[in-house]
Amino acid sequence: MSEGIVVRVVDVTERRALGWLVAVSAGLGTAAIMLHMWSPHAALGIARVWSFGIAAAVWAGGTLLQWRPRPWVTTAIIHDNTLHLGRRTVPLAQMTGVKVARGRRGFSVAIGERQRGGQFLEIEREPEAHRLVEQLGLTWPGTRACRFTMRGDLLRTTQQLVSAIGIVSALSYAIAIGALDGLDLKVLFGFPPLLAGILASVLFVAQPLMRSVVRIGQERPPAGPGAHSAVDDHLRLHQAAAVSADSAEASEAPTALHARILDQGQETTRSWLERLDTVGEGESRVAYRSDAPTAEELRQIAENEAAPAKARLGALRLLARRHGGVPEDLRARVTNDLGRRVRIVVEPNANFEAAADELEALGPAFRARLD
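Residues numbered from 1 in each chain as written. Predicted model: local features only at pLDDT ≥ 70, side-chain atom pairs only at ≥ 80, totals over all residues. Heavy atoms only, no water.

Draft legend 1. Broad picture of the confidence of the model for the chain. Residues at a pLDDT of 70 or more form 86% of the chain, whose mean pLDDT is 84. Across residues 250-254, confidence stays below pLDDT 50; counting only partners more than four residues off in sequence or on other chains, it has 11 contacts. Overall, residues 283-290 carries pLDDT values under 50, and its contacts beyond four positions in sequence, including any with other chains, amount to 12 contacts. (pLDDT = per-residue confidence, 0-100. Contact = heavy atoms within 4.5 Å.)

Draft legend 2. Highlighting the sheet that holds strand β3 (residues 82-85). Taking strand neighbours across the sheet as the criterion, the 7 strands line up as β4-β3-β2-β1-β7-β6-β5 in an open arrangement whose pairing is antiparallel. Edge positions in the sheet fall to β4 (88-91) and β5 (95-102), since each of these pairs with one other strand and no more. On average, each strand axis in the sheet is inclined to that of its neighbour by 30°, with strand direction left out of account. One ladder, built from 5 bridges, connects strand β1 (residues 5-11) with strand β2 (residues 72-79); its direction is antiparallel. The partner of Val-9 across the bridge, within β2, is Trp-72. (Pairing = 2+ DSSP bridges. Helix = DSSP H or I, 4+ residues; strand = E, 2+ residues; numbered from the N terminus. Axes fitted to C-alpha atoms, helices over the stretch in contact; angles between N-to-C directions.)

Draft legend 3. Structural context of the environment of Val-243. Turning to its location among the elements, Val-243 is positioned in the loop between α7 (230-240) and α8 (256-262). In this structure Val-243 comes out as buried when scored by relative accessible area, which is 10%. For the pair Val-243 and Pro-141, spaced 102 residues apart in the sequence, the C-alpha separation amounts to 6.3 Å. Discounting residues that sit within four places of it in the chain, Val-243 has contacts with Val-100, Ala-101, Arg-102, Phe-107, Trp-140 and Pro-141. (Buried < 20%, exposed > 50% of the residue type's maximum accessible area, 1.4 Å probe, protein only.)

Here's what the structure looks like:
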């Protein structure tokens with residue numbers, strides 16, 4: 001079993017089970033009401049047209065119930081030729097490629113998957129990205145090609161539009177016939193929701209059969225101002241900032257030695273926090289006491305966006321504990337980049353265990369290149 005690497009998983013596959021359940025149930029219910037095989041309106045004390053309109057609206061709306069899961073933090077482990085991402089498992093034989101891109105903060109590892117589509121793994125530090133690629137049995141920065149099988153945006157947009165039309169027309173039918181007594185308009189208002197429900201269902205069923213093949217690093221970024229999902233960000237990143245095999249590692253900090261000292265490395269988060277608090281005190285514990293970074297050097301490290309995230313956080317912790325606190329302007333700038341992590345590391349009298357748990361729950365510090 002390989003040594004675990006903390007990652008944030010961005011899945012490209014949508015959850016569709018709830019949509020299937022609601023759409024099929026409501027579609028069958030609509031048919032049963034039309035054929036006088038089911039009479040829910042009798043139990044509810046409402047007119048049949050209302051039960052038909054509501055059932056048809058739920059039928060069309062059910063096809064909208066599909067979504068990508070929120071990114072989650074877990075530990076990536078390779079065991080028995082399988083990549084384990086928490087409860088998600090990806091057999092190495094099912095992978096269609098691996099690609100690495102450098103984000104504004106951290107690294108994105110694209111892993112194509114034959115059955116499910118694929119996922120992007122957000123990793124904070126380059127050594128960990130190297131280690132993951134090596135554990136997958138590949139050389140840096142991955143394979144020559146990487147393919148994802150994803151939903152077709154045009155088909156999905158068309159299906160959403162048809163579903164919306166189905167909901168509106170079904171409710172319009174119920175209002176026009178049930179509330180306004182427009183019985184002469186029954187056929188005119190009743191046909192559109194049935195047609196929209198059938199078409200939305202067909203498009204819903206057809207989506208897995210009409211998925212697009214995306215070649216990571218070669219695919220054009222999603223068009224339109226609304227394309228701002230995590231998956232879209234990663235696709236753009238892999239086109240704009242893919243790591244090449246001969247690219248040199250970027251310098252991470254202007255004060256490289258001190259940045260390496262403050263970075264977490266292979267330690268546990270608690271051990272890293274405990275070690276930071278010993279920097280500059282006790283020669284027997286820290287051999288480089290006399291070479292401890294000055295307040296100005298710590299500020300340079302914290303301000304440098306190219307420095308490792310943990311090194312910047314370590315610099316803030318030392319400023320807070322050894323140099324009278326963190327200047328508000330500096331704290332605001334780093335918070336804008338690293339979020340709640342800043343509060344956790346500079347909070348006075350913080351419990352090591354609690355602080356480590358909070359930091360680990362946030363996962364890798366990652367930001368795609370959005371400028």
